[in-house]
Amino acid sequence: MLAALRRRPAQWLAVAALTALLCAVAAAGPQFAAAATARAAAADIAAAPAAQRILTVHRGTPVGRDPQGALAEFRADVERLLDSSTAPVLGLTRPLTSVTGGFERVAPVAYRDGVCEHVRVSGACPAAAGEAMLSRRAADTLGLRAGDQLKLRTQSATEVTLRVTGTYERTDPSGAYWAEPLFGPGQITAGEEALDPAFVSPATFGDEGFDEPTAVYTTSLPARTVSGAGRDELRDTQEALEKAGFTFVPPDQSLLDAVDADRAAVRKGMLVAWVQALVLCWLALAVAGRHTAQDRRPDIALLKLRGSTRLRMLRLTAGQHLLPMLPALPVGLLLGVFGAREAAGADVPAAQLWPAAQLTGAAVVAAFVVGLTVLVLGEVATFRAPVATLLRRVPSQRRGWQRRTLDVVVLVAAAAALYQAHAGGTTTGLGVAAPALTALAGAVLVARLLAAGSDRLGRGALRFGQIKLALTALRFSRQPGADRILVLMALAVALLGLAAQGFTIGRTARADRASVELGAARVLTVQAANHTALLAAVRRADPGGRTAMAVVADLGASPPVLAVDSARLAAVADWRPEYGPRSALDPAAARAEPLPLISGTGLTLDARNDSAEPVRLVLTLRHGVTGADVSVPIGPVPPGEHQASAPVRGCESGCRIVGLVLAGPSDVDKRPVSAPANSALVVRELRQQGPDAVILSGASLGDQRRWRGADTGPAMSVGARQGALTLRIPKPVVDNAAVGDNHAYVVDVVAAVPVILAGPAPKTWLAGDPALPLFGGSSVPVRVAATTSVLPVLGRAGTVIDLDAAVHAAADAGTAGVPQVWIAAGTPQATVDALTAELAAAGVSVLAADSVERRIERLDQDGSALATRFQLLGALCALLLAAVAATVAVTVQQAARTREWRALRAQGLPMRAAVGVETGGQAALVAFGVLGGLVVAGVAARVTDVPAVFLDDWRLLPPPETSQLSVLGGTGLLTLTVLGAASGAVMLAWIRNLRDSDGGRR
């Protein structure tokens, strides 16, 4: 055996290389599956909403006079049953009742570890018992500020008084810290309004009225708990906690479903590519074994002449394969393990190391045994051949029925797989193997057509005396095993082309999805006092309008609304043609001539009071930069014609009039009291002092388009005519009924605001003029300027509107929606940092940042994306297999080809012709293998259904073209380089040997 190996170093090196690749592929499958599924699960957890990434345990807990000790005991009780790898966040909460202004509201009182680190405090954090910190919204609702008393009531009617030390705003409202609903913003449920929690020190719960609050234990969701074994452990923990009297909130089922889908996609995609690569490895070993068996035919004949038994011949030939295969096994194992982990981009978790190692070992041993069996079976046919047949140097022209039958079986299997793929998809049954079987059938057809064509070409060239062309063409048809080499080459190229196209399609689709979901290259989620402040801050930070754009996304509205600064849309947003024309959002036609801004120190009102009692006119002004509302009460105005003045504070930078309120003569400290029924005021002019200017002239007061009443009735009558504005509160139809809404709103947008609509129009639009509720406030008349099938951020349903028009169209617009700042593509990080600093100086703080690149990285960790990585890795291994097998075929035939060329040289054939025929024939074999494989890859990509790129069936945009010509071109260049280099190296060595053995004759 050793002597035979020494005589044939190229053959045993090739067998060793093929074995190393086989073991690498066998080891890579289980290792990649373990690492990729863990990575996909971790990515799912990281990308899930904060509420899905936490585990919560809570229980009613008597605290007595030692709340801190009770919390410590509660934590110890939980952690005896729950194994947490991260530090928990503890808290206490107790819902009380606030009765202010005749309204009853649920007012939760809460303590939370580290709360002051997650809020922006105006004032001071509570430190002693009886101190409380209110949210700014709750403070505004209750009319309280730092130093005021917050009076609450328990269920037993016990009065609790807390001193307000300050107000807070959440700095990371979407973070995991605020994901626990017990400490989240107040909601209105079943008609009951709840305030935001009032945070106190733990000592407050030791006072009377806080007996048995709810203790809360919150911790991060460990990634191991979403696996099969981890879920069983979590289920057991939940049962134990509930038996102990705790309430356990498990992970959201949608997160677990996403993890399961990713795991299934990774394993299924890996299994398909793994089996394909293993089959190709065994096929390459079979081809290499067949050619090495041809080279050993004289050895077998000699053994037969010496009387050796078949068992001894089998042992000798099997040993020649086993000796080079054994050292290649550990090399391939290490290559597979490290290559798989590198392709997955993650290591195998510690909990899965041993199971993955067991499966890897079993797969490598099984693949090794099958590979050895394939090599040995290739030798068995020579044992039965007679000695005379074994010593023949001329190949037989007989083609057996087995090859034709095998061709038919391959074609039938490919047709059945294609039918299954189109009938049931590429995810079930034989349709899973449709691309590979189609590629195999195409490669077989290419080989058969080339064999028939080359044979006819060679015969025709001989008749016409074209010796070089004839010898080159007949080289393929008469070379033993050339068709198998061509099939292997074409199949490897086709599989690589399919894998490369699938990988490129996935990358393109994920980039498109990231662009649609974000709307711009980079998106900052910010916190602003209101939408006016957001718009002004962004415009001030980027006066040129080429870098940043203010956006508000209100996904909870019906229909969802995306408000953008349309003047900056072209420069900043990634606006695709599918979104419709950008020019459709131009609000210029809907805007009226703006009213003068108020920047003076006082206002003077010229009006006639047609009431029996004095009334006040309360102006609501809105600061043009901060968006803060400024209330200016003017009066009281006695009955008859009068002038009244009032000072103005806080409008030095300019305020615009938002609305007017007709109030009674009583105290109007922050909350004007509605004027009585039948009250009426005719406003003739409003002038400011310092500088002097007319703010509301007769022309603007008498313009009906500029004024409207409230949306809900019974509303105050607002009449604009004859150069004056008449405000009248009607008499109630029913005695003792509540007085109606006493607001008159200024309308800066006198026509319907243009919008772009995706999806069906709301049903309410069919019954009347289209109107859009904006940010939880009043509805604004709109007109559909363009329709489309998809919109950025919103998807298939929603509207896009100009943010500035939306702010001015709804004077009482709410603050709902997520404020964002979109950043243009190509903006340097230094510019973004400077922009962020300027926004922070204007009171707009950045809560989170996202980008298309970051979103693509996240999508690249989905199960389907990771599976395409392994498919590409397996296809690259197939290319290396084809290169090694082709090298073996050329090497084995060198001796026989040298003898043939010597005979032809003796008959006068020039050396140049011999070298040209040999190199040209090998080059033609490689070229036809590459070209045929590329054609097969292009056809297979079109005739087979491309699997869904996204597991959640995201299809807002048309899928990319399945046949990627540029990708096929790159694949062809790579495969031609690899296969050409492998064949060229062997051919150069053969040419040198031929010239040396020829004695230097030309």
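A brief report on the enclosed structure follows. For every chain, the first residue of its written sequence is number 1, and the numbers climb from 1 along that sequence. Note on the predicted model: pLDDT of at least 70 is required for a residue's local features to be given, and 80 or more for side-chain atom pairs to be given and counted; whole-chain, interface and lining totals, by contrast, use all residues. Hydrogens and waters are ignored; side-chain quantities use all the structure's heavy atoms.

Structural notes on the overall build of the protein chain
- In terms of helices and strands, the protein chain carries 25 helices and 32 strands.
- Counting the 1002 residues in the protein chain, one finds 50% classified as buried.
- In what follows, a contact means two residues having at least one pair of non-hydrogen atoms within 4.5 Å. Of the contacts formed within the protein chain by residues at least 6 apart in sequence, a portion of 80% connects residues at least 24 apart.
- Note that accessible areas follow from Shrake-Rupley with a 1.4 Å probe, and for residues the cover is restricted to the protein chains shown. Of the accessible surface of the protein chain, which amounts to about 44,400 Å², a share of 58% is contributed by carbon and sulfur atoms. Strands here mean DSSP runs of E at least two residues long; helices mean DSSP runs of H or I at least four residues long; both are numbered from the N terminus. Burial classes: relative accessible area under 20% of the type maximum marks a residue as buried, over 50% as exposed, and values in between as partly exposed (1.4 Å probe, protein chains only).

Considering a negative patch on the surface
- Residues form patches when they are more than 30% accessible in relative terms and have no salt bridge. Like charges link within 9 Å. Nonpolar side chains (Val, Leu, Ile, Met, Phe, Trp, Tyr) link within 5 Å. Salt bridge, as used here: a side-chain nitrogen of Lys or Arg that lies within 4 Å of a carboxyl oxygen of Asp or Glu. His is not counted, nor are the chain ends; Lys and Arg add positive charge and Asp and Glu add negative charge. By convention, the point assigned to a charge is CZ for Arg, NZ for Lys, CD for Glu and CG for Asp. Together, Asp-207, Glu-208, Asp-211 and Glu-212 line one region of the surface with negative charge.
- Here Glu-212 is to be found in the loop between strand S10 (198–200) and strand S11 (214–220).

Things to note about unusual backbone geometry
- The residue after Gly-635, namely Pro-636, is reached through a cis peptide bond having omega 10 degrees.
- For Pro-636, the position within the fold is in strand S18 (residues 629–637).
- Phi at Gln-722 takes a positive value of approximately 55 degrees, unusual for a residue other than glycine.
- Mapped onto the elements of the fold, Gln-722 is located in the loop between strand S24 (717–721) and strand S25 (724–728).
- Its identity as a non-glycine residue notwithstanding, Val-793 has a phi of 70 degrees, on the positive side.
- Classification of Val-793 by relative accessible area gives partly exposed; the value is 22%.

Here's the deal with the sheet that holds strand S23 (residues 707–709)
- Strand pairing is assigned whenever DSSP identifies at least 2 bridges connecting the two strands. One open sheet holds the five strands; their spatial order is S18-S17-S20-S26-S23, and the pairing between them is antiparallel. Each having just a single partner strand, S18 and S23 make up the two edges of the open sheet. For this sheet, the mean inter-axis angle between neighbouring strands, taken without regard to orientation, is 25 degrees.
- As defined by bridge partners, S23 adjoins strand S26 (residues 743–746) across three bridges and the pair is classed as antiparallel. Residue pairing in the sheet places Gly-709 in a bridge with Ala-744 of S26. For every element, the axis is a line fit to its C-alpha atoms; helices are fit only across the contacting stretch, and the angle between N-to-C directions ranges from 0 to 180 degrees.

Overview of the state of the cysteines
- Cysteine sulfur atoms that pair up within 2.5 Å are treated as a disulfide. Scanning all chains against the criterion turns up two disulfides.
- A sulfur-sulfur distance of 2.0 Å marks the disulfide that ties Cys-116 to Cys-125. On the sign convention where negative is left-handed, the bridge of Cys-116 and Cys-125, at about -140 degrees about the S-S bond, is left-handed.
- Taking relative accessible area as the criterion, Cys-125 reaches 27% and is therefore assigned partly exposed.
- Covalently, Cys-651 is tied to Cys-655 through a disulfide, its sulfur atoms 2.1 Å apart. Taking the torsion about the S-S bond as the criterion, the Cys-651 to Cys-655 disulfide, at about -95 degrees, is left-handed.
- Judged by its relative accessible area of 2%, Cys-651 falls in the buried class.
- Judged by its relative accessible area of 0%, Cys-655 falls in the buried class.
- The connectivity of the disulfides in the protein chain is 1-2, 3-4, where the numbers refer to bonded cysteines in sequence order.
- Sulfur of Cys-23: no disulfide; nearest cysteine sulfur belongs to Cys-281 and is 8.9 Å away.
- With no disulfide of its own, Cys-877 lies closest to Cys-281 among cysteine sulfurs, the gap being 6.9 Å.

A look at the nonpolar core
- In this structure, Phe-32 and Leu-979 are the most contacted members of the largest nonpolar core, which totals 90 residues.
- With 16 residues, helix H2 (residues 9–47) is the single largest residue contributor to this core.
- Among residues more than four places away in sequence, those in contact with Phe-32 are Thr-37, Val-266, Met-270, Ala-340, Ala-343, Ala-344, Leu-866, Arg-869 and Phe-870.
- We define the nonpolar core as a collection of buried residues of types Ala, Val, Leu, Ile, Met, Phe, Trp, Tyr and Cys that are connected through side-chain atoms lying within 4.5 Å of one another. Core analysis: the next-biggest nonpolar cluster, separate from the first, contains 44 residues, Ala-48, Val-164, Ala-215 and Val-259 among them.

Topic: the pairing of strand S14 (residues 548–554)
- Among the seven residues in S14, seven count as buried, and that is most of the element.
- Alternating positions in S14 separate into two faces, Ala-548, Ala-550, Val-552 and Asp-554 on one and Met-549, Val-551 and Ala-553 on the other, with burial throughout.
- When S14 meets strand S31 (residues 818–823), the two strands line up antiparallel, connected through six bridges. Following the sheet pairing, Val-552 is matched in S31 by Pro-819.

Structural notes on the packing of helix H12 (residues 434–463) against helix H24 (residues 911–943)
- In the contact formed by H12 and H24, the axes pass within 9 Å of each other and the chain directions differ by 140 degrees. One finds that H12 runs oblique with respect to H24. In this structure, the crossing between H12 and H24 has a hand that is right-handed. Together, Thr-438, Ala-439, Gly-442, Ala-443, Val-446 and Leu-450 of H12 and Phe-928, Gly-932, Val-936, Ala-940 and Val-943 of H24 make up the contact between the two elements.
- Residue polarity follows a fixed list, in which Ala, Val, Leu, Ile, Met, Phe, Trp, Tyr, Cys and Pro are nonpolar, Asp, Glu, Lys and Arg are charged, and the others, Gly among them, are polar. Residues of the contact of H12 with H24, tallied by class, amount to eight nonpolar, three polar and no charged. Each angle is binned into one of four classes, with values under 35 degrees roughly parallel, values over 145 roughly antiparallel, values of 65 to 115 roughly perpendicular, and all other values oblique. Whether a crossing is left-handed or right-handed is set by the direction in which the near helix is turned from the far one by less than a right angle, anticlockwise for left-handed and clockwise for right-handed.

Structural notes on the packing of H12 against helix H14 (residues 482–518)
- As a packed pair, H12 and H14 sit with axes 8 Å apart at the nearest point and diverge in direction by 140 degrees. On the basis of the axis angle, H12 is oblique to H14. Pair H12 / H14 crosses with right-handed handedness. In contact with Pro-435, Ala-436, Ala-439, Leu-440, Ala-443, Val-444, Val-446, Ala-447, Arg-448 and Leu-450 of H12, H14 contributes Asp-483, Leu-486, Val-487, Ala-490, Leu-491, Ala-494, Leu-495 and Leu-498.

Concerning the pattern of salt bridges
- Scanning the model with the defined rule gives 25 salt bridges in all.
- Among the ionic pairs, Arg-539 bridges to Asp-804, the shortest N-O distance being 4.0 Å. With Arg-539 in helix H15 (residues 531–541) and Asp-804 in helix H19 (residues 803–809), this residue pair connects regions lying 265 residues apart in the sequence.
- For Asp-804, a relative accessible area of 13% corresponds to the buried category.

As for H14
- Take the residue count of a helix, subtract one, and multiply by 1.5 Å to get its expected span. Between its first and last C-alpha, H14 extends 54 Å over 37 residues, near the 54 Å set by a 1.5 Å rise per residue.
- When you tally the buried positions in H14, you get 29 out of 37 residues, the bulk of the element.

Overview of the environment of Val-884
- Its place among the elements puts Val-884 in helix H22 (residues 863–892).
- The exposure class assigned to Val-884 is buried, which follows from its relative accessible area of 18%.

Some thoughts on a nonpolar patch on the surface
- On the surface, Leu-931, Val-935, Val-939 and Val-943 cluster together into a nonpolar patch covering about 320 Å² of accessible area.
- Position of Leu-931 among the secondary structure elements: in helix H24.

Some thoughts on the environment of Arg-687
- Tracing the backbone through its elements, the reader meets Arg-687 in strand S21 (residues 680–689).
- For Arg-687 and Asp-606, which are 81 residues apart along the polypeptide, the C-alpha to C-alpha distance reads 8.3 Å.
- If we ignore the near neighbours within four places in the chain, the residues touching Arg-687 are Gly-602, Leu-603, Thr-604, Ala-693, Val-694 and Ile-695.

Let's talk about the sheet that holds strand S13 (residues 522–527)
- Spatial strand order, S28-S29-S27-S30-S15-S14-S31-S13-S32: nine strands in an open sheet with mixed pairing. Sheet topology places strand S28 (771–773) and strand S32 (845–851) at the edges, where each strand pairs with a single neighbour. Here the strands of the sheet are splayed against their neighbours by 35 degrees on average, with no regard to which way each runs.
- One ladder, built from six bridges, connects strand S27 (residues 753–758) with strand S29 (residues 779–788); its direction is parallel.

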